[in-house]
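# Architecture and fold: a report
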Amino acid sequence: RHGAVKNEDTFKTSPFHFDLWFYFTLQNWVLDFGRPIAMIILPLEWFPLNKPSAGDYFHMAYNVITPFLLLKLIERSPKTLPRSMVYVSIIMFVMGASIHLVGDSVNHRLIFSGYQHHLSVRENPIIKNLKPETLIDSFELLYYYDEYLGHSMWYIPFFLILFIYFTGCFTPVKEESRMPVAALLLMGPSSLYYWYLVTEGQIFILYIFTFFAMMALVMHQKRKGLVLDSNGLFLFYSFIITLVLIAVWVVWLWNDKILRKKYPGVIYIPEPWAFYTLHMSNLHAAKESL
């Protein structure tokens, strides 16, 4: 019986999920991209440094809303997908995003004390003067939980769920392989957010492997006479535009010696907030002094 369901799933079609993709884009921009901005803009008296900031509450909302939207997206797939893998991925996503919430909260609050994101933990002036020096190890541990463990447990399940959903976005009906105007309008903001996610999260390897897996699946299904439906096209083209945006970002900052020092590896992709603390924050300080 289960096999029969799978055979029927192959020929189901799914309309473009404008509501879900719109909610995804809106909450990604407001609750993820907007959380550090809200923390900086809102008066410090409202959110003292020893209390959660406005950005932390944004992050908490993101940690609840995003898993719900991912589950709704999986439910709308025209294909029967591996539920156990989806549920485990959602659990890992929530754990990773929660770990990141704590580490990111402290790291962003350090900005008000002079912490500079374009420098490593030990190179920051406010960290160098800590006594005893073992406290520096504690801040490096915090940075590890924020930037490495938290990001890995957050983004790997996120991209895995998107790819699992993508596997069900194929149809034998070529007329279904077109995007409505609503999809075209959402593609720009969606791609720009993925650019921010990849660059700020430092997850280019994860992103590019996911994209290559999508390309391989598209070519494999094409040989079977299947094409992407409107939702699959939206996701696939968003990833393509994201890759173009990343390339433009890297070329623009290619000769930045300070950022080169912080990102010395073969893959050079600076974080937007490192760029901000290096260039934009100094510019704002100069304007305020006038």
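Residues numbered from 1 in each chain as written. Predicted model: local features only at pLDDT ≥ 70, side-chain atom pairs only at ≥ 80, totals over all residues. Heavy atoms only, no water.

Once that is clear, we can look at the overall build of the protein. Along its length, the protein carries 11 helices and two strands. Counting helices and strands in the order they occur from the N terminus, the protein gives α-α-α-α-α-α-β-α-α-β-α-α-α. Taken over the C-alpha trace, the protein has a radius of gyration of 21 Å; the compact-globule value for 290 residues is 19 Å, and the two agree within 12%. Projected onto its principal axes, the C-alpha coordinates of the protein cover approximately 65 × 35 × 35 Å. Taken across its 290 residues, the protein has 46% of its residues classed as buried. Of the roughly 15,100 Å² of accessible surface on the protein, a fraction of 68% belongs to carbon and sulfur atoms. In the protein, the 23 positive side-chain charges and the 21 negative ones have mean positions that sit 7 Å from each other. (Helix = DSSP H or I, 4+ residues; strand = E, 2+ residues; numbered from the N terminus. Rg over C-alpha atoms; globule rule 2.2 N^0.38 Å. Buried < 20%, exposed > 50% of the residue type's maximum accessible area, 1.4 Å probe, protein only. Areas by Shrake-Rupley, 256 points an atom, 1.4 Å probe, with all protein chains shown as cover. Lys, Arg positive; Asp, Glu negative; His and termini not counted. Charge placed at Lys NZ, Arg CZ, Asp CG, Glu CD.)

Turning our attention to the UniProt feature "transmembrane region" (unreviewed entry) in the protein. UniProt records the feature "transmembrane region" (unreviewed entry) at residues 20–42, 57–74, 86–103, 154–173, 203–220 and 232–254, using the numbering of this structure. A helix fraction of 65% and a strand fraction of 10% characterise residues 154–173, whose end C-alpha atoms lie 35 Å from each other. Secondary structure across residues 232–254 divides into 91% helix and 0% strand, with the first and last C-alpha atoms of the span separated by 33 Å. (UniProt positions renumbered as here; feature names shortened; annotations may be inferred.)

Once that is clear, we can look at the packing of helix α6 (residues 134–166) against helix α8 (residues 204–223). For the pair α6 and α8, interaxial distance at closest approach is 10 Å and the crossing angle is 10°. In terms of their interaxial angle, α6 and α8 are classed as roughly parallel. For the pair formed by α6 and α8, the contact residues are Y155, I156, F159, F163 and F166 on the first element and L206, Y207, T210, A213, M214, L217 and V218 on the second. In terms of residue class, the contact of α6 with α8 is built from 11 nonpolar, one polar and no charged. (Axes fitted to C-alpha atoms, helices over the stretch in contact; angles between N-to-C directions. Parallel < 35°, antiparallel > 145°, perpendicular 65-115°, else oblique. Contact = heavy atoms within 4.5 Å. Nonpolar A, V, L, I, M, F, W, Y, C, P; charged D, E, K, R; others polar.)

Here we take up the packing of aromatic side chains. Counted by the stated rule, this structure contains 36 aromatic pairs. The interplanar angle of 35° and the centroid separation of 6.3 Å between the aromatic rings of F211 and F212 together place this pair among those described as tilted. Residue class for F212 comes out partly exposed when judged on its relative accessible area of 47%. On the basis of an interplanar angle of 50° and a centroid distance of 5.2 Å, the ring pair of W252 and F275 is categorised as tilted. Remark: F275 occurs in helix α11 (residues 272–289) and W252 occurs in helix α9 (residues 230–252); sequence separation between them is 23 residues. Here F275 falls in the buried class, since its relative accessible area comes to 14%. The cationic tip of R260 hangs over the ring face of W254; the distance from NZ or CZ to the ring centre is 4.1 Å. Sitting above the plane of the Y268 ring, R260 keeps its charged end 4.1 Å from the centroid. (Phe/Tyr/Trp six-rings, centres within 6.5 Å; stacked < 30°, edge-to-face > 60°. Lys NZ or Arg CZ within 6 Å of the ring centre and 35° of its normal.)

All right, on to α9 then. Since one α-helical turn is 3.6 residues long, residues separated by three or four positions face the same way. In a regular helix each residue adds 1.5 Å, so 23 residues correspond to 33 Å; α9 covers 33 Å between its end C-alpha atoms and thus fits that length. Looking at where α9 begins, the residue whose side-chain oxygen comes 3.2 Å from the main-chain nitrogen of N231 is D229. (Expected span 1.5 Å × (residues − 1). Polar contact = N/O pair within 3.5 Å; in protein donor to acceptor, adjacent residues only side chain to side chain.)

Moving on, we get to the nonpolar core. Ranked by internal contacts, the top residues of the largest apolar core, which has 62 residues, are W21 and F239. At the level of elements, α2 (18–41), α3 (54–75), α4 (83–109), α6, α7 (181–201), α8, α9 and α11 are the ones that each hand at least two residues to this core. Excluding residues that lie within four positions of it along the chain, F239 makes contacts with F159, L162, Y194, Y207, T210, F211 and M214. Core analysis: the next-biggest nonpolar cluster, separate from the first, contains seven residues, L110, Y115, V121 and Y143 among them. (Core = buried A, V, L, I, M, F, W, Y, C linked by side-chain atoms within 4.5 Å.)

Attention shifts here to the pattern of salt bridges. The final tally for this structure, using the stated rule, is seven salt bridges. Between D19 and R76 there is a salt bridge, with the nearest N and O atoms lying 2.8 Å from each other. Of the two residues, D19 is situated in helix α2 and R76 in the loop between α3 and α4; the sequence distance between them amounts to 57 residues. In this structure, E140 and R122 form a salt bridge, with 2.9 Å as the shortest nitrogen-oxygen distance. Linking E140 in helix α6 with R122 in the loop between α4 and α5 (125–128), this pair joins segments that are 18 residues apart in sequence. In the salt-bridge network here, residues are joined through shared partners; they are D32, R35 and D104. (Salt bridge = Lys/Arg side-chain N within 4 Å of Asp/Glu carboxyl O.)

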